[in-house]
Amino acid sequence: MSPRKIMTMKDEPCPVARGVDVVGDRWSLLIVRDAFDGMRRFGDFQRSLGVARNILSDRLRKLVDAGILATKAASDGSAYQEYVLTAKGESLFAVVLALRQWGERHLFAPGERHSLLVDKQSGQPVPLMSPRDADGVELAPEATEVRKLA
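First things first, this report covers the structure right here in the doc. (Residues numbered from 1 in each chain as written. Predicted model: local features only at pLDDT ≥ 70, side-chain atom pairs only at ≥ 80, totals over all residues. Heavy atoms only, no water.)

### Examining the packing of aromatic side chains
- Scanning the model with the defined rule gives two aromatic pairs in all.
- Relative to Phe 93, the ring of Phe 36 has its centre 5.5 Å away and its plane inclined at 65 degrees; by these criteria the two rings are edge-to-face. Of this pair, Phe 36 sits in helix H2 (residues 26–36) while Phe 93 is found in helix H6 (residues 93–106), placing the two residues 57 residues apart along the sequence.
- Relative to Tyr 83, the ring of Phe 45 has its centre 6.4 Å away and its plane inclined at 70 degrees; by these criteria the two rings are edge-to-face. Of this pair, Phe 45 sits in helix H3 (residues 42–49) while Tyr 83 sits in strand S2 (residues 81–85), and the two are 38 residues apart along the sequence.
- For the cation-ring pair, Arg 26 lies above Trp 27, with the distance from its terminal atom to the ring centre recorded as 4.8 Å. (Phe/Tyr/Trp six-rings, centres within 6.5 Å; stacked < 30°, edge-to-face > 60°. Helix = DSSP H or I, 4+ residues; strand = E, 2+ residues; numbered from the N terminus. Lys NZ or Arg CZ within 6 Å of the ring centre and 35° of its normal.)

What follows is the structure in structure tokens.
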């Protein structure tokens, strides 16, 4: 009998699986959401999320290790450190926005209170995201396919 190779997510050929491995747990994605909302300090994340200190510490470390967040000295000159989104972390904006818009559409009753993301300049809600083809036509799931690359 040959030994079975144990695949880790970093060996997984699927980009969705690798992405979920990095930010797919509840706390990691909510930390990223809060970072987009301007949170930078451990205590601010903890108050916002209500997560145990050890779990928050672990998720922040993993996000730093993955290059999604970076640590820097506190902007107010205090002894604290702050967590800031890197360019890699900022590129998760579309992911957070897609989840937000899906949640707004499917997880709230009509008239139920929820938050809304707006364009700071216009004050208007951010338009609904949708994938488009090269000509700008909206793509339905059945119009796409996954192709394995060598």
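### So, the pairing of S2
- Summarising burial for S2: four of the five residues are buried, a large majority.
- Summarising the sheet, strand S1 (residues 69–73) and S2 pair through five bridges and their orientation is antiparallel. Bridge pairing in S2 links Ala 70 to Val 84. (Buried < 20%, exposed > 50% of the residue type's maximum accessible area, 1.4 Å probe, protein only. Pairing = 2+ DSSP bridges.)

### Overview of the packing of H3 against helix H4 (residues 53–65)
- Between H3 and H4, the least distance of the axes is 11 Å, while the angle of their chain directions is 120 degrees. Between H3 and H4, the angle falls in the class oblique. You can see that H3 and H4 cross each other, and the crossing is right-handed. Where H3 approaches H4, its residues Phe 42, Phe 45 and Gln 46 are matched on the opposing element by Arg 53, Leu 56, Ser 57 and Leu 60.
- Each residue belonging to the contact of H3 with H4 can be placed in one class, and the counts come to four nonpolar, two polar and one charged. (Axes fitted to C-alpha atoms, helices over the stretch in contact; angles between N-to-C directions. Parallel < 35°, antiparallel > 145°, perpendicular 65-115°, else oblique. Left-handed = near helix turned anticlockwise from the far one by under 90°. Contact = heavy atoms within 4.5 Å. Nonpolar A, V, L, I, M, F, W, Y, C, P; charged D, E, K, R; others polar.)

### Quick look at the nonpolar core
- Residues Ile 31, Leu 60 and Leu 69 are the most contacted members of the largest nonpolar core, which totals 20 residues.
- Of all elements in the fold, only H2, H3, H4 and S2 reach the threshold of two or more residues within this core.
- Counting residues per element, this core draws most heavily on H2, at five residues. (Core = buried A, V, L, I, M, F, W, Y, C linked by side-chain atoms within 4.5 Å.)

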